[in-house]
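Each chain, letter by letter, is given below.
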Amino acid sequence: MNIKRKMKKNKKNKKLAALKSEEAMIAGIIDGSPDAIGVAVVRLECGCRKMAALDENGDPASKVIIYRDSSEEICTKCKEDNGDFSRVIEEFIHWTKDDMEEDARQKILVKVFGSHTAH
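Residues numbered from 1 in each chain as written. Predicted model: local features only at pLDDT ≥ 70, side-chain atom pairs only at ≥ 80, totals over all residues. Heavy atoms only, no water.

1. So, the overall build of the protein
The following threshold applies: By the criteria applied, helices consist of DSSP H or I runs no shorter than four residues and strands consist of E runs no shorter than two, each listed in order from the N terminus. Type-normalised accessible area, obtained with a 1.4 Å probe on protein chains alone, sets the label of each residue: buried when under 20%, exposed when over 50%, and partly exposed for intermediate values. The contact rule is simple, with two residues in contact once any of their heavy atoms fall within 4.5 Å. All accessible areas in this document rest on Shrake-Rupley with a 1.4 Å probe, and a residue is counted as covered only by the protein chains that are shown.
Per the secondary structure count, the protein includes 4 helices and 4 strands. Order of helices (α) and strands (β) in the protein, N terminus to C terminus: α-α-β-β-β-α-β-α. Out of the 119 residues in the protein, the part that is buried amounts to 36%. Pairs at least 24 residues apart make up 55% of the contacts formed inside the protein by residues separated by at least 6 positions. Total accessible area on the protein stands at roughly 7800 Å², and carbon and sulfur atoms take up 49% of it.

In structure tokens form, the structure reads like this:
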């Protein structure tokens, strides 16, 4: 199954949420970013993750952090290509505000991740 199919399948079948192993990192990013309304989470096929806080306009409210669970370093591939988009398997935003309108959330999602269309 190729990456685009995995992403399409994941978006259709379930709402993605932070894993227990990601929650501490998300909390730390939010604590260090007072303007954050959410954290963009990108999971790569190698097991590394990229995260960054977002402000109410969908602009970065923190630096992008790349890490790998249970490891002191990110993988060799991520060191070479900085977690290239072609290796993304899942992406979502962990929202900190529950009362945000769905329309506003969708605009931010498109701004952050782009629009994925089936060809």
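Having seen the model, we can carry on.
2. Looking at helix α4 (residues 102–113)
Counted only if it meets this: For a helix, the expected span equals 1.5 Å multiplied by the residue count minus one.
Here α4 is 12 residues long and its end C-alpha atoms lie 16 Å apart, about the 16 Å a rise of 1.5 Å per residue gives. Looking at the buried positions of α4, the neighbouring elements they touch are β1 (38–44), β2 (48–54) and β4 (88–95). One or two steps after α4, the chain reaches G114, where phi turns positive at roughly 80°.

3. Regarding the nonpolar core
Short version of the rule: Here, nonpolar core refers to any group of buried Ala, Val, Leu, Ile, Met, Phe, Trp, Tyr and Cys residues whose side-chain atoms link them within 4.5 Å.
Among the nonpolar cores identified, the biggest contains 15 residues, and L44, C46, C48, C78, I93, W95 and I108 are the most heavily contacted of them. Sorting the residues of this core by element identifies β1, β2, β4 and α4 as the ones contributing at least two each. Judged by nonpolar contacts, the second largest core, of 11 residues, contains A18, V39, M51 and Y67.

4. Here we look at the side chain of R49
Our working definition: In the analysis that follows, any N or O atom pair within 3.5 Å is treated as a polar contact, provided that within protein one partner can donate a hydrogen and the other can accept it, and provided that, for residues neighboring in sequence, both atoms belong to side chains.
With respect to the helices and strands, the residue R49 is situated in strand β2. Look at R49 and you get buried, because its relative accessible area is 11%. One polar contact links the side chain of R49 to the main-chain carbonyl oxygen of G47, over a distance of 2.8 Å. Once you skip the residues sitting within four places of it in the chain, R49 turns out to touch L19, E22, V42, R43, I65, I66, Y67 and D69.

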